[in-house]
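Structural characterization, general
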Amino acid sequence: MVAEIILGGGGMTFYTYGYLTHQNYSGTALRIGLIIVLLLTAFFVLFRYLRNRTLVKYRDLSVILLMASALVIGFQFQSYSTLRANQSKTSTVVGVLKTVAKRNHVAPQNLQTNATAVNDQMLIRNAKTHQYYRVLYNSDSASFITEKLSVQMNQTKIKVVGD
């Protein structure tokens, strides 16, 4: 049995398998680089102060640089926690895509989903055949089944994020 769904108005975003498995986290590397530069500069200025304790400008500058380093480290830790949570969610979605690909004998790279976290309204789209599936979870969300959908597009624009 094939269920029918009507997608009307607005737009819908689908994320590719490649996007979900290879998200770009370049902001993290940039912040780590900034932390290293701040700490090295702070230690250099602190060393200059310790060699000549009469120049308090080096002490003040080292305190400012160490405080800035602590602030950036705090931002990085918060960002890292968010990053780990997002990676966990997307890895679950990638697992669902792999399972759906195996069950339907298609390559996971051909699949796209409208969610970056698992939910009961998740749709999966085969980019080659334009076949749609709805993911239906059991009551405890431990397992799922897929249902083929017959989709009618009513002025719906599909945006694909990823390769």
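Refer to the structure presented above.
Residues numbered from 1 in each chain as written. Predicted model: local features only at pLDDT ≥ 70, side-chain atom pairs only at ≥ 80, totals over all residues. Heavy atoms only, no water.

Before going further, it helps to spend a moment on the side chain of asparagine 110. Inspection of the secondary structure assignment puts asparagine 110 in the loop between helix H3 (56–104) and strand S3 (111–113). On the basis of relative accessibility, which here comes to 19%, the residue asparagine 110 falls in the buried class. Those residues in contact with asparagine 110 that lie beyond four places of it in its chain are Arg125, Asn126, Ala127 and Lys128. (Helix = DSSP H or I, 4+ residues; strand = E, 2+ residues; numbered from the N terminus. Buried < 20%, exposed > 50% of the residue type's maximum accessible area, 1.4 Å probe, protein only. Contact = heavy atoms within 4.5 Å.)

Another aspect to go through is the side chain of threonine 16. When you line up the elements, threonine 16 lands in strand S2 (residues 11–16). On the accessibility criterion, threonine 16 (2% relative accessible area) is buried. For threonine 16, the side chain forms a polar contact with the main-chain nitrogen of tyrosine 19, separated by 3.1 Å. Beyond its immediate chain neighbours, meaning those up to four positions away, threonine 16 contacts Leu111, Gln112, Val160, Val161, Gly162 and Asp163. (Polar contact = N/O pair within 3.5 Å; in protein donor to acceptor, adjacent residues only side chain to side chain.)

Here the focus is unusual backbone geometry. In this structure, histidine 105 takes a positive phi of about 55 degrees despite not being glycine. Tracing the backbone shows histidine 105 in the loop between H3 and S3. For histidine 130, which is not a glycine, the phi torsion comes out positive at approximately 55 degrees. Turning to its location among the elements, histidine 130 is positioned in the loop between strand S4 (123–126) and strand S5 (132–137). In this structure histidine 130 comes out as partly exposed when scored by relative accessible area, which is 47%.

With that settled, the discussion passes to a nonpolar patch on the surface. On the surface, Ile32, Ile36 and Leu40 cluster together into a nonpolar patch covering about 290 Å² of accessible area. Note on placement: isoleucine 32 falls in helix H2 (residues 26–51). On the basis of relative accessibility, which here comes to 39%, the residue isoleucine 32 falls in the partly exposed class. (Patch = residues over 30% accessible without salt bridge, like charges linked within 9 Å, V, L, I, M, F, W, Y side chains within 5 Å. Areas by Shrake-Rupley, 256 points an atom, 1.4 Å probe, with all protein chains shown as cover. Salt bridge = Lys/Arg side-chain N within 4 Å of Asp/Glu carboxyl O.)

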